[in-house]
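Overview (structure and organization)
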Amino acid sequence: MLILLGVPSGLLIIEYYYPAAILGYSGAMSRLTDLVINYFISIAILITVVVLYTRALKREVRRANSYSRQLQLISETDGLTQLKNRSYCVNALRRIEAENKNFNVIILDIDHFKNINDTYGHDVGDIVLKKVSNILKMHSQKHGALLSRYGGEEFLVITFFQSFDQTIYLAESLRNAISRAYYGLPKNVTISLGVAKSVPNEEYSNVIKRADQALYHSKHIGRNSVSTFATE
């Protein structure tokens, strides 16, 4: 671009101070006419260069923004299930806490998942994880819930229902949907769930702890069940 700008400018300077080096003029008017023409040609070249540079810059900005969005999506997405990952979930909970919103949490995990991996192999285990993830996604998203793979065979659902009973109902519907699905295994796959609600001005980590305690209770009573930990 500097060359394109420099050549016309250099020619104008040479022509002005050393007109004989460029061409001979029949008179002052022809020299002035030539200078004016060269001036407008230079302006046209300058405008063209600026336009082309601006377009190229916009393309690079769009490309950079696209790469940035892709990297962000990759950084917050679980590679196997394509659900949001734990990092995304924690950041979402921090935003919810900062805005002092009421929310409910469902923590669930797949019952005896280690036995599935040990008996049928990790490939089958991955298939089960994907199947469970798709079912959870189908049932959670229509209620505006945030779903993420929280770690291993554990998942977390954040809901914003006004009534805590609606979250319990969603948890039961998730449990039923998972247990009724076909996985190509001799036994049905089941999940255990713990449900907890937030209270005003509470740290999200405390809600997670209560949901974890409820999940532990579900496993203690025989799995494939929903337990709650509600605070008044």
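Predicted model only: the values in this text are computed from it and were never measured. (Residues numbered from 1 in each chain as written. Predicted model: local features only at pLDDT ≥ 70, side-chain atom pairs only at ≥ 80, totals over all residues. Heavy atoms only, no water.)

Some details on the packing of helix α5 (residues 122-141) against helix α6 (residues 164-180)
One can describe the packing of α5 onto α6 by two numbers: an axis separation of 10 Å at closest approach and a directional angle of 145 degrees. Remark: the crossing between α5 and α6 carries right-handed chirality. For the pair α5 and α6, contact is made by V132, I135, L136, H139 and S140 and by L170, L174, A177 and I178, respectively. In the contact of α5 with α6, the residues fall into 7 nonpolar, 2 polar and no charged. (Axes fitted to C-alpha atoms, helices over the stretch in contact; angles between N-to-C directions. Helix = DSSP H or I, 4+ residues; strand = E, 2+ residues; numbered from the N terminus. Left-handed = near helix turned anticlockwise from the far one by under 90°. Contact = heavy atoms within 4.5 Å. Nonpolar A, V, L, I, M, F, W, Y, C, P; charged D, E, K, R; others polar.)

Let's talk about the environment of H112
Along the polypeptide, H112 turns up in the loop between β1 (104-110) and α4 (113-120). We classify H112 as partly exposed; its relative accessible area is 43%. Linking H112 and T190, residues 78 residues apart in sequence, is a C-alpha distance of 8.5 Å. (Buried < 20%, exposed > 50% of the residue type's maximum accessible area, 1.4 Å probe, protein only.)

Some details on the sheet that holds β1
Taken together, the 5 strands give an open sheet; going across it, the order is β2-β3-β1-β4-β5, and neighbouring strands pair in mixed fashion. Looking at which strands have only one partner, the edges of the open sheet turn out to be β2 (146-151) and β5 (226-229). Going across the sheet, the axis of each strand differs from the next one's by a mean of 20 degrees, ignoring polarity. In terms of strand pairing, strand β4 (residues 191-197) meets β5 through 4 bridges, oriented parallel. Bridge pairing links V195 to T228 in β5. Of the strands in this sheet, β1, β3 (154-159), β4 and β5 are in contact with α6, which crosses β4 at around 170 degrees. Contacts from helix α7 (residues 204-220) reach β1, β2, β3, β4 and β5, with the element oriented near 145 degrees to β4. (Pairing = 2+ DSSP bridges.)

Quick word on a positive patch on the surface
On the surface, R55, K58, R59 and R62 cluster together into a patch of positive charge. Along the chain, R55 turns up in helix α2 (residues 28-75). You can call R55 exposed: its relative accessible area is 51%. (Patch = residues over 30% accessible without salt bridge, like charges linked within 9 Å, V, L, I, M, F, W, Y side chains within 5 Å. Areas by Shrake-Rupley, 256 points an atom, 1.4 Å probe, with all protein chains shown as cover. Salt bridge = Lys/Arg side-chain N within 4 Å of Asp/Glu carboxyl O. Lys, Arg positive; Asp, Glu negative; His and termini not counted. Charge placed at Lys NZ, Arg CZ, Asp CG, Glu CD.)

None of the figures reported here should be taken as evidence of function without further support.
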